[in-house]
Amino acid sequence: MNVVVCVKQIPDPADPGALDPNTKTLKRDGKLILDESDSYGVEMALQLVDAAGGGEVTLVSMAPNGETAGLRTALAMGAAKAVLVSDDALQGSDALGTSKVLAKAIERAGQADLILTATESSDGYTGTVPEQIAELLSLPSVTFAKSITVDGSSVKVQRQTESGYDDVECPLPAVVSVTAGVVEPRYPSFKGIMAAKSKPVDQVGLGDLGVDAGSVGWAGAGQEIVEIATAEARAASTVVEDDGEAFQKIVDMLAELKIV
Amino acid sequence: MSHAPIPNGADPLDLLGTDTLLTDEERLLRDTVRKFVADKVLPDVGEWFDAGTFPKEMAKEFGALGVLGMHLEGYGCAGTSATAYGLACTELEFGDSGARSFVSVQGSLAMFPIWAFGSEEQKQEWLPGMAAGDLIGCFGLTEPDSGSDPSSMRTTARQDASGDWILNGAKMWITNGSIADVAVVWARTDPDGPDRGAVRGFVVPTNSSGFSAPAIHRKVSLRASVTSELVLEDVRLPASAVLPGVSGMRGPLSCLNEARFGISFGSVGAARACYEAALAYAGERVQFDKPIAGFQLTQRKLVDMMVKVQRGTLLALHLGRAKDEGTLTTPMISFGKMDNVRMALEVAREARSVLGANGITTEYPVIRHMNNLESVYTYEGTNEIHTLILGQAITGLQAFS
């Protein structure tokens, strides 16, 4: 079974990110790392290929400057190869532009039985790319998977809901987004790290994919970032003095927040 | 008079930006071990230290990661650079010197001699299992009466008419001894035999009759590590148990060079852990209505620690690059082991003083590292012996005896 996993390489959340005042977008000129939320999809894909007893995991990513550091992490975990789309014309792409490019890159990656994504990236948070890819590829879309089982030509998914999960089934190939935290991503092994440097990364531009530069990037974006502003400082917390009834006040507050 | 402003974004944990000296691959490997240590070592190491144990199950975790014998080629080993091995040692010892000691002993002292001097059969029999962490190794050189002068060892290996070797003697301060499946034991051969009394290495399965490895208790240092005595009473081994590729003290000393190289890196990790703990504590601890980090005496301590850790990092990296280029010499290794362990111990003591009374409990990592480093200061060539190796290197005069 061949699984394609869409992975995003993002600025390291451990370093304070910065917005570019001119483009009003996140600066991505520094070192990029594998988005942690994608590591669950990579792990899930590796487990599914293992369970199927054959096949391989291919990564698909879009990043500036031919960045591969994050891809190498996923290759070191066990993915076999990657398609990386890097093109100056992609700067400013919105979610739909990104989806157009990823859909083409998925086609380039070869015949896929299953396409996995995260539910959303940890830097952009639009959370719409998986469904858009499915639409562009005319494939079924299942979101928020907490468990995936492949059974012949169909996939069974436990789809996470607020109260539990729904059992969902659809034919393959399909696009499934994986909820963060549902599997424990493996550590890249040292042998994997050593092997990763020789695994193929097919780096392509828009021309290679047959994508019109006018349909993506700033040119094709259907959205415009009008203004960026500093978030308000977090308000001071509420201090509850215990006069013997504090527990009731805390329970009421939690009830108001619908936590209890 | 105007001053250039302190640049925003200066990293208090890497002011010199030494991170830029690493390749992407080295960084990935370093970050992987860092995460492993954060997940699997740091949450429990205080308790291991308190209880005086090192869980044997960690061997398989280390094996799955690929850290055991990682810089060796083939036989299930990852085949990384020496620098990468060093970086892993730094991260492991950031957790605890016991964790790094386990990995040093397995990779540099037990696997390395089999890999470098063993027969093909010995390599096939032991190395894949040791790389996976299914088999644990130890290294027997030091004896109760033979420490800095290992060639004075009393353990003997005698070959009988059938060709079997018979080992007798005792080894002391052996990391992993009581949990080991295999011991690489160095013993002096018969002066009248074919080896003319040379020291030879033997691969000794620990289930051999006459072999025992009682644990050494009542340690106040390296408590999260198993330390043992090895007792050899007429341990009979087949002729094939000897390491064929080396004869004389060059064998064990080359292993020690491997391990000492790792310690040059490892000690930086312990120092960094102490510095980070002190920096964080000084920022939060308020006395006289301000964080103690705002007092001049404390800033002096923090800066001293930071400078030492950064300098130690550069030294270790330099040695790593030299080892990968094949230009690393024994005095250079002594420089690294001597100076970085001494540095780490100084940083630990300084950090302890910043933490005040809180510095003496295992709630914080500092005194655990400080106590551990007292062992690291002495093992793998004492600070004094490394000083004399360097003294000889710069004067041409040997002052050992």
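Residues numbered from 1 in each chain as written. Chains lettered and ligands numbered in written order. Predicted model: local features only at pLDDT ≥ 70, side-chain atom pairs only at ≥ 80, totals over all residues. Heavy atoms only, no water.

Within chain A one finds eight helices and 13 strands. Each of the three principal axes of chain A carries a C-alpha extent, and together these read 70 × 50 × 40 Å. By residue count, 41% of the 260 residues in chain A fall in the buried class. Partitioning the contacts of chain A with sequence separation of at least 6, the portion at a separation of at least 24 is 70%. As presented, chain A carries roughly 13700 Å² of accessible surface, and 49% of it is formed by carbon and sulfur atoms. One finds the centroid of the 20 positive side-chain charges in chain A at a distance of 7 Å from the centroid of its 38 negative side-chain charges. (Helix = DSSP H or I, 4+ residues; strand = E, 2+ residues; numbered from the N terminus. Buried < 20%, exposed > 50% of the residue type's maximum accessible area, 1.4 Å probe, protein only. Contact = heavy atoms within 4.5 Å. Areas by Shrake-Rupley, 256 points an atom, 1.4 Å probe, with all protein chains shown as cover. Lys, Arg positive; Asp, Glu negative; His and termini not counted. Charge placed at Lys NZ, Arg CZ, Asp CG, Glu CD.)

This next bit is on the interface of chain A and chain B. With 13 residues of chain A at the interface, the matching set in chain B holds 21 residues. Both faces considered, chain A and chain B share a buried interface measuring about 1400 Å² in area, 69% of it formed by carbon and sulfur atoms. Here chain A is connected to chain B by two salt bridges. Across the salt bridge formed by Glu25 of chain B and Lys197 of chain A, the nearest N and O atoms sit 3.5 Å from each other. Seen at the junction of chain A and chain B, the total is four residue pairs in polar contact (both at pLDDT 80 or more). (Buried area = accessible area lost by both parts, 1.4 Å probe. Salt bridge = Lys/Arg side-chain N within 4 Å of Asp/Glu carboxyl O. Polar contact = N/O pair within 3.5 Å; in protein donor to acceptor, adjacent residues only side chain to side chain.)

This paragraph deals with the sheet that holds strand β10 (residues 154–160) of chain A. All names here are of chain A. In spatial order, the strands read β11-β10-β9-β12-β8-β1-β6-β7-β13; together these nine strands make up an open sheet with mixed pairing. Strands with a single pairing partner mark the edges of an open sheet, and in this sheet they are β11 (165–171) and β13 (201–204). Adjacent strand axes in the sheet meet at a mean angle of 30°, parallel and antiparallel pairs treated alike. Summarising the sheet, strand β9 (residues 141–151) and β10 pair through six bridges and their orientation is antiparallel. Bridged to Val150 within β10 is Val155. (Pairing = 2+ DSSP bridges. Axes fitted to C-alpha atoms, helices over the stretch in contact; angles between N-to-C directions.)

Attention now goes to unusual backbone geometry. Residues and elements named next belong to chain A. Cis rather than trans, the peptide bond between Leu172 and Pro173 has omega equal to -5°. With respect to the element layout, Pro173 can be found in the loop between β11 and β12 (174–178). The backbone phi angle of Asn65 is positive, close to 60°, even though this residue is not glycine. Within the fold, Asn65 resides in the loop between β6 (57–62) and α2 (69–77). The phi torsion at Phe144 lies on the positive side, around 55°, for a residue other than glycine. Along the chain, Phe144 falls in strand β9. Judged by its relative accessible area of 40%, Phe144 falls in the partly exposed class.

The subject of this paragraph is the nonpolar core. Core analysis: the largest hydrophobic core is formed by 158 residues, its most contacted members being Leu59, Leu116 and Ile148 of chain A together with Phe62, Val67, Leu167 and Trp186 of chain B. Per-element tally for this core: the top contributor is helix α6 (residues 250–284) of chain B, with 15 residues. The residues touching Phe62 of chain B, leaving out its near neighbours within four places in the chain, are Phe36, Phe54, Val67, Leu68, Leu92, Ala99, Phe102 and Val103 of chain B. (Core = buried A, V, L, I, M, F, W, Y, C linked by side-chain atoms within 4.5 Å.)

Another point: the domain arrangement of chain B. Residues and elements named next belong to chain B. According to the domain assignment, chain B consists of domain 1 (18–132), domain 2 (137–247) and domain 3 (251–395). Its C-alpha centre places domain 1 at a distance of 23 Å from the equivalent point of domain 2. Counting residues at the interface gives 27 residues for domain 1 and 25 residues for domain 2. Between domain 1 and domain 2, the buried area comes to about 2000 Å², and carbon and sulfur atoms account for 70% of it. Scanning the region where domain 1 abuts domain 2 turns up eight residue pairs in polar contact (both at pLDDT 80 or more). It is helix α4 (residues 97–117) that provides the largest number of residues to the side of domain 1 that touches domain 2, a total of twelve residues. Residues of the side of domain 1 that touches domain 2, tallied by class, amount to 15 nonpolar, nine polar and three charged. (Domains from an automatic or database assignment. Nonpolar A, V, L, I, M, F, W, Y, C, P; charged D, E, K, R; others polar.)

Residue and element names in this part refer to chain A. Taken together, the side chains of Phe247, Ile250, Val251, Leu254, Leu257, Ile259 and Val260 present a nonpolar region at the surface, about 670 Å² in accessible area. Considering the arrangement of structural elements, one finds Ile250 in helix α8 (residues 246–256). Classification of Ile250 as partly exposed rests on a relative accessible area of 39%. (Patch = residues over 30% accessible without salt bridge, like charges linked within 9 Å, V, L, I, M, F, W, Y side chains within 5 Å.)

Residue and element names in this part refer to chain A. Structurally, Leu26 is set in strand β4 (residues 25–26). A relative accessible area of 25% means that Leu26 is categorised as partly exposed. Taking the C-alpha atoms as reference points, Leu26 and Gly110, separated by 84 residues in sequence, lie 32 Å from one another. Discounting residues that sit within four places of it in the chain, Leu26 has contacts with Pro11, Ala18, Leu19 and Asp123.

With that settled, consider the packing of aromatic side chains. Aromatic ring pairs are defined here through the distance separating the ring centres and the angle between the ring planes. Residues and elements named next belong to chain B. Evaluation of the coordinates by the stated rule reveals 13 aromatic pairs over all chains. Between Phe54 and Phe62, the ring centres sit 6.4 Å apart and the planes meet at 10°, which makes this aromatic pair stacked. No difference in accessibility class separates Phe54 from Phe62, as the two residues are buried. Lying across the ring of Phe295, Lys290 places its NZ or CZ 4.5 Å from the centre. In this structure, Lys323 packs its charged tip against the face of Phe261, placed 5.5 Å from the ring centre. (Phe/Tyr/Trp six-rings, centres within 6.5 Å; stacked < 30°, edge-to-face > 60°. Lys NZ or Arg CZ within 6 Å of the ring centre and 35° of its normal.)

A word on the pairing of strand β8 (residues 114–118) of chain A. Within a regular strand, the side chains alternate between the two sheet faces. Residue and element names in this part refer to chain A. Burial of β8 is extensive: five of the five residues sit out of reach of the surface. Across the two faces of β8 the burial is the same, with Leu114, Leu116 and Ala118 and Ile115 and Thr117 all buried. One ladder, built from three bridges, connects strand β1 (residues 3–6) with β8; its direction is parallel. Residue pairing in the sheet places Val3 in a bridge with Leu114 of β8. The sheet contact formed by β8 and β12 spans five bridges and is parallel. Pairing of Ala118 across the sheet is with Val178, part of β12.

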